[in-house]
Amino acid sequence: MNTEYKILWIDDSDDFYDSAYPIIEDIVRKNHMNPQIKYYQFFDEFQTSELEHFDLDTFNLYDQIVIDHALSGTTGDKIIRDLRSRNIFTDIVFYSSNYDRMVGEIKEGSQLDGVFFAHREDLSRVVDNVIKKNLKREYDIANIRGLIMDSTSEFDYIC
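What you see is a predicted model; the values in this text were computed from it and never measured. (Residues numbered from 1 in each chain as written. Predicted model: local features only at pLDDT ≥ 70, side-chain atom pairs only at ≥ 80, totals over all residues. Heavy atoms only, no water.)

(A) The overall build of the chain, seen in detail. Looking only at helices and strands, one finds 6 helices and 7 strands in the chain. Sequence-ordered secondary structure for the chain, helices as α and strands as β, is β-α-β-α-α-β-β-β-α-β-α-β-α. In the chain, which comprises 159 residues, the proportion classed as buried is 40%. Contacts in the chain between residues far apart in sequence, at least 24 positions, make up 71% of those at least 6 positions apart. Carbon and sulfur atoms make up 50% of the accessible area of the chain, which amounts to about 9,200 Å² in all. (Helix = DSSP H or I, 4+ residues; strand = E, 2+ residues; numbered from the N terminus. Buried < 20%, exposed > 50% of the residue type's maximum accessible area, 1.4 Å probe, protein only. Contact = heavy atoms within 4.5 Å. Areas by Shrake-Rupley, 256 points an atom, 1.4 Å probe, with all protein chains shown as cover.)

As structure tokens, this is what we get:
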């Protein structure tokens, strides 16, 4: 299993990021992985650095995307449409201090598969739940791979 857990984080509030970063980093470590967090303060900066030179293989190396819903100049529903239109299906955690408004705006227009919502104060719990979901999927795949290898090994022996 990959021991790195890569998070792309976009938030236009350095203060919130600076206070939440150590907590999220600690959560990743408690799940027995090494955190690799890439941070952008502005969505425009992220678009220029990541999306304009878009490479699906490189981009899909992120395990989770954490985004403040109300960024300067854009909102979460636009971000989801942009990412999903490029076939980026990485889990996204949107957070906001105005939770009800965020959920209402996103539910009205965009694909919600792999999208999770958090109140700003509850971000660490939701990020942890998404990490645990990804770990469970990884373990399930490893178990299936083991069963297949066991079956094929027995078949090879019989042949």
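Now that the structure is up, let's keep going.
(B) Representation of the sheet that holds strand β6 (residues 92-96) within the structure. With parallel pairing, the 5 strands of this open sheet are ordered in space as β2-β1-β3-β6-β7. Both edges of this open sheet fall to β2 (34-40) and β7 (115-119), since each of them pairs with a single strand only. Direction aside, neighbouring strands of the sheet carry axes that sit 20 degrees apart on average. Bridging between strand β3 (residues 64-68) and β6 involves 4 bridges; their strand directions are parallel. Bridge pairing in β6 places Val-66 opposite Val-93. Strands β1 (4-10) and β2 of the sheet are contacted by helix α2 (residues 43-51), whose axis makes an angle of about 110 degrees with β2. (Pairing = 2+ DSSP bridges. Axes fitted to C-alpha atoms, helices over the stretch in contact; angles between N-to-C directions.)

(C) Region of the structure containing the side chain of His-69. Here His-69 lies in the loop between β3 and β4 (70-71). Setting aside chain neighbours within four positions, we find His-69 in contact with Thr-74, Thr-75, Gly-76, Asp-77, Phe-94, Tyr-95, Ser-96, Met-102, Glu-105 and Ile-106.

(D) Quick peek at the environment of Ile-106. As for its position among the elements, Ile-106 is in helix α5 (residues 99-109). Placed 28 residues apart in sequence, Ile-106 and Lys-78 show a C-alpha to C-alpha distance of 8.7 Å.

(E) Structural detail: the environment of Tyr-40. Mapped onto the fold, Tyr-40 is located in strand β2. By relative accessible area, which is 5% here, Tyr-40 ends up buried. Each C-alpha atom, one on Tyr-40 and one on Asp-11, is 6.6 Å from the other, the two residues being 29 residues apart in sequence. Non-local contacts of Tyr-40, meaning those with residues more than four positions away in its chain, are made with Leu-8, Trp-9, Ile-10, Asp-11, Glu-45, Phe-46, Ser-49 and Glu-50.

(F) How the structure looks around helix α4 (residues 76-85). Most of α4 is tucked away, with 7 of its 10 residues classed as buried. Within α4, the full set of buried residues consists of Gly-76, Asp-77, Ile-79, Ile-80, Asp-82, Leu-83 and Arg-84. Positive phi shows up at Asn-87, right after α4, with a value of about 60 degrees.

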